[in-house]
Amino acid sequence: MKIAIMGAMREEIDPILESVGTYQTLEHAGNVFYTCTYKNHELVIAYSKIGKVFSAITASVMLERFGAEVLLFSGVAGGISKELKIGDLIMASALCQHDVDIVAFGHPYGFIPEGTLMIESDANLRSLASEVAIDMGVDLYEGIIATGDQFVASGERKSWIQQTFNADALEMEGASVACVCQNFGIPFFVLRAISDTADGGASDDFDAFLKTSAAESAKFILEMVKRIGD
Ligand code: ADE
């Protein structure tokens, strides 16, 4: 199967590239795409750069140019739910855009006409992930991930996102990638490891835990890849 694996930052895909052996590189549309064969799958791997626009470009290219049949996102997130501690893994059940605001026209926050407020991730990939978590002996949290073009480092903004969207974690790319996959009809999965708790200390925690949390997420994603199509 052709599988796309993407992150937003180099640190999020480096642990994957280090594990797949040899790969080819191709530059296109402002990204470097790494391709290889791994466990009988054809992989295309890339980091998009931060945010909804760059991640939508990368996801679109992976599907259109590389013909990916499934997309897995690996990276870090700010935790909202009190149950989530730094290093914990959360898979998105559904994703939304917390910074979409056309409330002036009577729409709820996060809603764009002809779109959906929440985009659900693929149920088969989520059940595969639950099996992988049991076998790896790791706790895997499932919940709503809210995406926006903001690094959230304020208790007030975090609470607003929690109350408005019932979100458990937040980040800057998941919902835009979900939107691309939904529109192309491609199954997708978003996994994040918590790097910070999106409040006053978020930027320091992010810097301190980006690499270790990204590595946890990457390790889990590679275990999933080994079992896709079994
Ligand atoms: N990704 C990781 N932590 C984040 C935060 N606090 N805000 C937005 N994206 C994040």
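See the structure shown above.
The following refers to the structure shown. Numbers given to residues run from 1 along each chain, matching the order in which its sequence is written. Since the coordinates come from a predicted model, pLDDT governs what is reported: local features require at least 70, and pairs of side-chain atoms require 80 or more to be given and counted, while whole-chain, interface and lining totals use all residues. Side-chain numbers here rest on the full set of heavy atoms in the structure, without hydrogens or water.

**Describing the environment of Phe184**
What counts here: A helix here means a DSSP run of H or I that spans at least four residues, while a strand means a run of E at least two residues long, and both kinds are numbered starting from the N terminus. Buried means the residue's accessible area, taken with a 1.4 Å probe over protein chains only, is under 20% of the maximum for its type, while exposed means over 50%, and partly exposed covers the values in between. The contact definition used throughout considers only heavy atoms, calling two residues in contact when any of these lie within 4.5 Å.
Here Phe184 lies in helix H5 (residues 174-184). Given a relative accessible area of 37%, Phe184 falls into the partly exposed group. Through-space distance from the C-alpha of Phe184 to that of Ile102 is 25 Å; in sequence the pair is 82 residues apart. Discounting residues that sit within four places of it in the chain, Phe184 has contacts with Ser60, Leu63 and Glu64.

**Considerations on the site of the ligand**
Note the threshold: For each residue, the test is whether any non-hydrogen atom lies within 4 Å of the molecule or strand; if one does, the residue is near. Whenever two N or O atoms come within 3.5 Å, that pair is a polar contact, provided that in protein one can donate a hydrogen and the other can accept it, and provided that, for residues adjacent in sequence, both atoms are side-chain atoms. Each accessible area is a Shrake-Rupley estimate made with a 1.4 Å probe; only the visible protein chains count as cover when residues are assessed. Amino acid classes used here: Ala, Val, Leu, Ile, Met, Phe, Trp, Tyr, Cys and Pro are nonpolar; Asp, Glu, Lys and Arg are charged; the rest, including Gly, are polar.
Contacts to the ligand come from 13 residues, most closely from Gly78, Phe151, Val152, Leu170 and Asp196. Val152 places a main-chain nitrogen or oxygen 2.8 Å from a nitrogen atom of the ligand. One of the side-chain nitrogen or oxygen atoms of Asp196 is found 2.6 Å away from a nitrogen atom of the ligand. If the ligand stood free it would expose 260 Å²; the protein chains cover 97% of that surface. Going through the elements one at a time, strand E5 (70-79), strand E9 (169-171) and strand E10 (188-196) are the ones with two or more residues in the shell around the ligand. The element that contributes the greatest number of residues to the shell around the ligand is E5, accounting for three residues. Among the residues making up the shell around the ligand, the classes are represented as eight nonpolar, three polar and two charged.

**So, the side chain of Ser217**
Tracing the backbone through its elements, the reader meets Ser217 in helix H6 (residues 202-227). Within the structure, Ser217 has its side chain in polar contact with the backbone nitrogen of Gly75 (distance 3.3 Å). When neighbours within four sequence positions are excluded, Ser217 is seen to be in contact with Ser74, Gly75, Leu89, Leu191, Arg192 and Ala193.

**Some points on the packing of helix H2 (residues 52-64) against H5**
For any two helices packed against each other, one specifies the crossing angle of their axes together with the interaxial distance. What counts here: To get an axis, a line is fitted to the C-alpha atoms, and for a helix only the part in contact is used. The angle between two axes follows their N-to-C directions and goes from 0 to 180 degrees. In this scheme, a crossing is called left-handed if the near helix is turned counterclockwise away from the far one by less than a right angle; it is called right-handed if the turn is clockwise.
Viewed as axis vectors pointing N to C, H2 and H5 meet at an angle of 35°, and their least axial separation amounts to 8 Å. Handedness of the H2/H5 crossing: right-handed. Counted together, Lys52, Ser55, Ala56, Ala59, Ser60, Leu63 and Glu64 of H2 and Ser176, Val177, Val180, Cys181 and Phe184 of H5 form the full contact between these two elements. Here the residues of the contact of H2 with H5 are counted per class, giving seven nonpolar, three polar and two charged.

**Notes on the side chain of Gln97**
Structurally, Gln97 is set in strand E6 (residues 89-97). A polar atom in the side chain of Gln97 sits 2.6 Å from the side chain of Lys52. When near neighbours in sequence (up to four residues on either side) are disregarded, Gln97 contacts Lys52, Gly110, Ile112, Thr147, Phe165 and Ala175.

**Let's talk about the nonpolar core**
As a reminder, the rule being used: Definition used in this section: a nonpolar core is a set of buried Ala, Val, Leu, Ile, Met, Phe, Trp, Tyr and Cys residues joined via side-chain atoms within 4.5 Å.
Met62, Leu71, Leu95 and Phe188 are the most contacted members of the largest nonpolar core, which has 37 residues in total. Per element, the largest residue contribution to this core is five residues, and it comes from H5. Dropping the residues within four chain positions of it, Leu95 is found in contact with Leu117, Met118, Ile119, Ile145, Thr147, Glu171, Gly174, Ala175, Ala178, Phe188 and Val190. Judged by nonpolar contacts, the second largest core, of 30 residues, contains Ile13, Ile16, Leu89 and Phe220.

**Examining the environment of Phe220**
Inspection of the secondary structure assignment puts Phe220 in helix H6. Separated by 146 residues in sequence, Phe220 and Ser74 have C-alpha atoms that sit 8.8 Å apart. Contact partners of Phe220, with chain neighbours within four places excluded, come to Leu89, Ala129, Val132, Ala133, Met136, Val138, Leu140 and Leu191.

**With respect to unusual backbone geometry**
Trans is the prevailing form of peptide bonds, just as negative phi is the prevailing case for residues other than glycine. The phi torsion at Ala29 lies on the positive side, around 50°, for a residue other than glycine. Inspection of the secondary structure puts Ala29 in the loop between strand E2 (24-28) and strand E3 (31-38). A positive phi angle, near 55°, is found at Asn166, a position not held by glycine. For Asn166, the position within the fold is in the loop between helix H4 (155-165) and E9. Since its relative accessible area comes to 57%, Asn166 is described here as exposed.

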